[in-house]
Amino acid sequence: MKTLNLCAIFCVSAALLAGCSREDATPNQYGSDIRLPAPERGLLPNMTIAKPAAWGDRVPTVPEGFTISAIATNLNIPRQTLVLPNGDILVAEGRGGGAAKLKPKDVIAGYIKAKGNTTVKSGNSLTLLRDKDGDGVYEDRSIFAEDLNAPYGLALVGSNLYVANQDALVRFDYQEGQISANGAPQKILDLPSAINHHWTKALTASEDGRYLYVAIGSNSNITERGMDAEVNRAQVWQIDAQTGAYKPYATGLRNPTALAIQPGTGVLWVVVNERDELGPNLVPDYLTSVKEGGFYGWPWAYWGKNVDPRVRPENPSKVAESLTPDYSLGSHVAALGVTFSSDVMGPKFANGVFVGEHGSWNRANPVGYRVSFIPFADGRPNGQPIDFVSGFRGEDGKTRGRPVGVTLDPRGALIVADDLANTIWRVVRKP
Amino acid sequence: MTVNVDQTYPETLHPLHTLLLAGAVPLFLGAMFSDLAYSSSYQIQWTNFASWLIAGALLFAGLALLCAIVGWVRTRRRYRYAFIYPLLLLVTWVVGFINALVHAKDAWATMPTGLTLSIIVALLICVTAWIGVTGCLKGGAK
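What counts, and where the lines are drawn
- Residues numbered from 1 in each chain as written.
- Chains lettered and ligands numbered in written order.
- Predicted model: local features only at pLDDT ≥ 70, side-chain atom pairs only at ≥ 80, totals over all residues.
- Helix = DSSP H or I, 4+ residues; strand = E, 2+ residues; numbered from the N terminus.
- Rg over C-alpha atoms; globule rule 2.2 N^0.38 Å.
- Buried ≥ 20, exposed ≤ 12 C-beta atoms within 10 Å, placed from the backbone.
- Contact = placed C-beta atoms within 7 Å.
- Nonpolar A, V, L, I, M, F, W, Y, C, P; charged D, E, K, R; others polar.
- Pairing = 2+ DSSP bridges.
- Axes fitted to C-alpha atoms, helices over the stretch in contact; angles between N-to-C directions.
- Core = buried A, V, L, I, M, F, W, Y, C linked by C-beta atoms within 7 Å.
- Parallel < 35°, antiparallel > 145°, perpendicular 65-115°, else oblique.
- Left-handed = near helix turned anticlockwise from the far one by under 90°.

Q: Any details on the overall build of chain A? Residues and values, ideally.
A: On a plain count of helices and strands, chain A comes out with 3 helices and 29 strands. Computed over C-alpha atoms, the radius of gyration of chain A comes to 21 Å, within 12% of the 22 Å expected from 2.2 N^0.38 for 431 residues, which places it in the range of a compact globule. For chain A, the spread of C-alpha atoms along the principal axes amounts to about 65 × 50 × 45 Å. A buried classification covers 49% of the 431 residues belonging to chain A. In chain A, 61% of the contacts between residues at least 6 apart in sequence involve partners at least 24 apart.

Q: Which residues make up the overall build of chain B, and what values go with them?
A: Across its full length, chain B holds 4 helices and 0 strands. Of the regular secondary structure in chain B, the N- to C-terminal order runs α-α-α-α. C-alpha extents for chain B along the principal axes are approximately 75 × 25 × 20 Å. Sequence-distant contacts in chain B: of pairs separated by 6 or more residues, those separated by 24 or more amount to 74%.

Q: Now, about the interface of chain A and chain B: what can you tell me, with residues and values included?
A: Between chain A and chain B, the residue contacts involve 22 residues of the former and 17 residues of the latter. A breakdown of the residues in the side of chain A that touches chain B according to their chemical character gives 10 nonpolar, 4 polar and 8 charged.

Q: Report on the sheet that holds strand 15 (residues 246-251) of chain A, specifying residues and quantitative values.
A: Residues and elements named next belong to chain A. Sheet architecture is open: 4 strands sit in the order 12-13-14-15, paired in antiparallel fashion. Where the open sheet ends on each side, the last strands, each with one partner, are strand 12 (201-205) and strand 15. In this sheet, neighbouring strand axes are inclined to one another by 25 degrees on average, regardless of whether the strands run parallel or antiparallel. As paired elements, strand 12 and strand 13 (residues 211-216) share 5 bridges and run antiparallel to each other. Pairing of Thr 204 across the sheet is with Tyr 213, part of strand 13.

Q: Go over the pairing of strand 28 (residues 413-418) of chain A, please, and point to the residues and values.
A: Residue and element names in this part refer to chain A. Judged by how many residues are buried, strand 28 sits mostly within the fold: 6 of 6 residues are covered. With burial as the criterion, each face of strand 28 is covered, one bearing Ala 413, Ile 415 and Ala 417 and the other bearing Leu 414, Val 416 and Asp 418. Counting the residues between successive antiparallel strands, the hairpin from strand 27 (residues 403-409) to strand 28 contains 3 residues, one of them, Gly 412, with a positive phi of roughly 110 degrees. Both strand 28 and strand 29 (residues 423-429) contribute to a ladder of 6 bridges, which runs antiparallel. Along strand 29, the bridge assignment pairs Ala 417 with Ile 424. Where strand 28 hands over to strand 29, the hairpin turn is made up of 4 residues, of which Asn 422 adopts a positive phi near 55 degrees.

Q: Report on the nonpolar core, specifying residues and quantitative values.
A: Within the largest apolar cluster, 92 residues are counted, with the highest numbers of intra-cluster contacts made by Leu212(A), Val214(A) and Val355(A). Counting residues per element, this core draws most heavily on strand 13 of chain A, at 6 residues. Here Leu212(A) is in contact with Ala155(A), Tyr162(A), Leu169(A), Leu203(A), Ala205(A), Ile239(A) and Ala241(A), once residues within four sequence places are set aside. Within the second largest apolar cluster, 36 residues are counted, among which are Ala31(B), Phe60(B), Ile125(B) and Ala129(B).

Q: Give a description of the sheet that holds strand 8 (residues 153-157) of chain A that names residues and reports values.
A: All names here are of chain A. Spatially, 8-9-10-11 is the arrangement adopted by the 4 strands of the open sheet, whose pairing is antiparallel. Since the sheet does not close on itself, it has two edges, and those belong to strand 8 and strand 11 (186-190), each with one partner. Between one strand axis and the next, the sheet turns through 20 degrees on average, direction left out of account. One ladder, built from 4 bridges, connects strand 10 (residues 168-173) with strand 11; its direction is antiparallel. Its bridge partner lying in strand 11, Leu 169 is registered against Leu 189.

Q: Describe the pairing of strand 23 (residues 352-357) of chain A, with residues and values.
A: Residue and element names in this part refer to chain A. Within strand 23, 6 of the 6 residues are buried, leaving the element largely enclosed by the surrounding structure. Relative to strand 23, strand 22 (residues 335-340) runs antiparallel, the two sharing 5 bridges. Across the sheet, residue Ala 335 finds its bridge partner in strand 23, namely Glu 357. Of the pairings in the sheet, the one linking strand 23 to strand 24 (residues 370-377) comprises 6 bridges and is antiparallel in character.

Q: Would you mind going over the packing of helix 1 (residues 15-41) of chain B against helix 4 (residues 113-134) of chain B in detail, with residue names and values included?
A: All names here are of chain B. At a minimum axis separation of 9 Å, helix 1 and helix 4 run at an interaxial angle of 160 degrees. Comparing their axes, helix 4 and helix 1 come out roughly antiparallel. Note on packing geometry: the crossing formed by helix 1 with helix 4 is left-handed. Contact residues: helix 1 offers Thr 18, Leu 21, Ala 22, Ala 24, Val 25, Phe 28, Leu 29, Ala 31, Met 32, Asp 35, Leu 36 and Ser 39, while helix 4 offers Gly 114, Leu 115, Ser 118, Ile 119, Val 121, Ala 122, Ile 125, Cys 126, Ala 129, Gly 132 and Val 133. Residues of the contact of helix 1 with helix 4, tallied by class, amount to 17 nonpolar, 5 polar and 1 charged.

Shown next as structure tokens:
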């Protein structure tokens, strides 16, 4: 990692006003019963940006009894994947956003953070990968659709393939075995896209296929683009797949980056990236079941009813109704993918969810940079996260990959999109 | 014929130096008023304005500081208190820089420290510019 410990440079002047707190221990912040420290922020935020390097002959680390291989490389920023009924894999590729830089800080921080990401151009396409003979090698590759606008969320309901672009929900006709779309997609409805600070639009469909759920991130870290920019943001929408009619299903979810329906119960789950610049151990990113009509705090409160002092005007009544999420994944891990597991992943990993953790920037000691497994019991998270895919950040301080979307292949594999190495990884149990 | 070269010490600042120094004054003042507007309205654009005004003020004041240091090096042997103006300008710049870092925090996290510093630095630049331009407080020639 390239440690941009700018704070050290300025500590002399910083000490005039506020002490540079260097406390950066990583407390156990997993689960539902967690302790939160008081907010802190020195004159400069902690920043440790990934220093990218190529994988070469290396591969990520997986638990014993599993193997991992790259099934597609040289993609154009893969984010989320979808496993189709015939086993083909669709990959959404793109980079959205491009929100205006409002302060000198945005110019400087944007430049620094970009060093930790890929420099590849946004693909704006869906790539289809096919393993013709079922040997785990995806020898065929085609462009299923292109000229999309930063596609991210994917869902298949019958013969309808839904794609959530950064500005609209669209639909393709899909017949099993198809390797490219019949034509341009049909728009279901526009999605909030002004500014698009958090541009990703996660997508999933209810078990009966009647409803689609789209997650829309906030337009700022913590309202620094103004309250007006936050209308229809930090929400999950429920959309009628037939008519396009929609309503906010849950609100106050700062940056909901991935959605999944729990098999059996039909309950909607989400992973959410929480706010930065309150210290290395605030605010925990989380995994939670989504309560219809629920409000989860952003911007006024975090992790239940903890007031964020950076938001004006204050809103005590919204703080009072803020729900505490189900499960803390730890602060700054940047969860960008979630998928429910099943028996095909073996007894140890059968019951729970996999979470893709893109990795932190707002911390001196980096966290995340892995795919974790959160065990479930009785339909709820129960226990500590387990490393499922790790080694994205090498012991040499270099970062070779950053996981985003995770998808269970019901044939017995976990598909992981890596948007730094522009690679799709496939983790399978050894026979 | 002999030429009698008289080493002269300019009594006034170079026009460019004056422009840079004076330019920082309305920029720091503007930042202060923008902060006042933000703290009373919660309209975020005012704090964006303040951030850029401070950045601009630091650019002007920083260049003026370079001129001031050169001027001090040239005149320190002649005037007992020639250091006062560059020193004040340095203090102003450092406080202004800290204020810029405070203004890089998000939303209301800039407050109230940002406003307090903006007021202090606005007063500092006014006093400093006055002393710099008029040349007062330099003390008598040694």
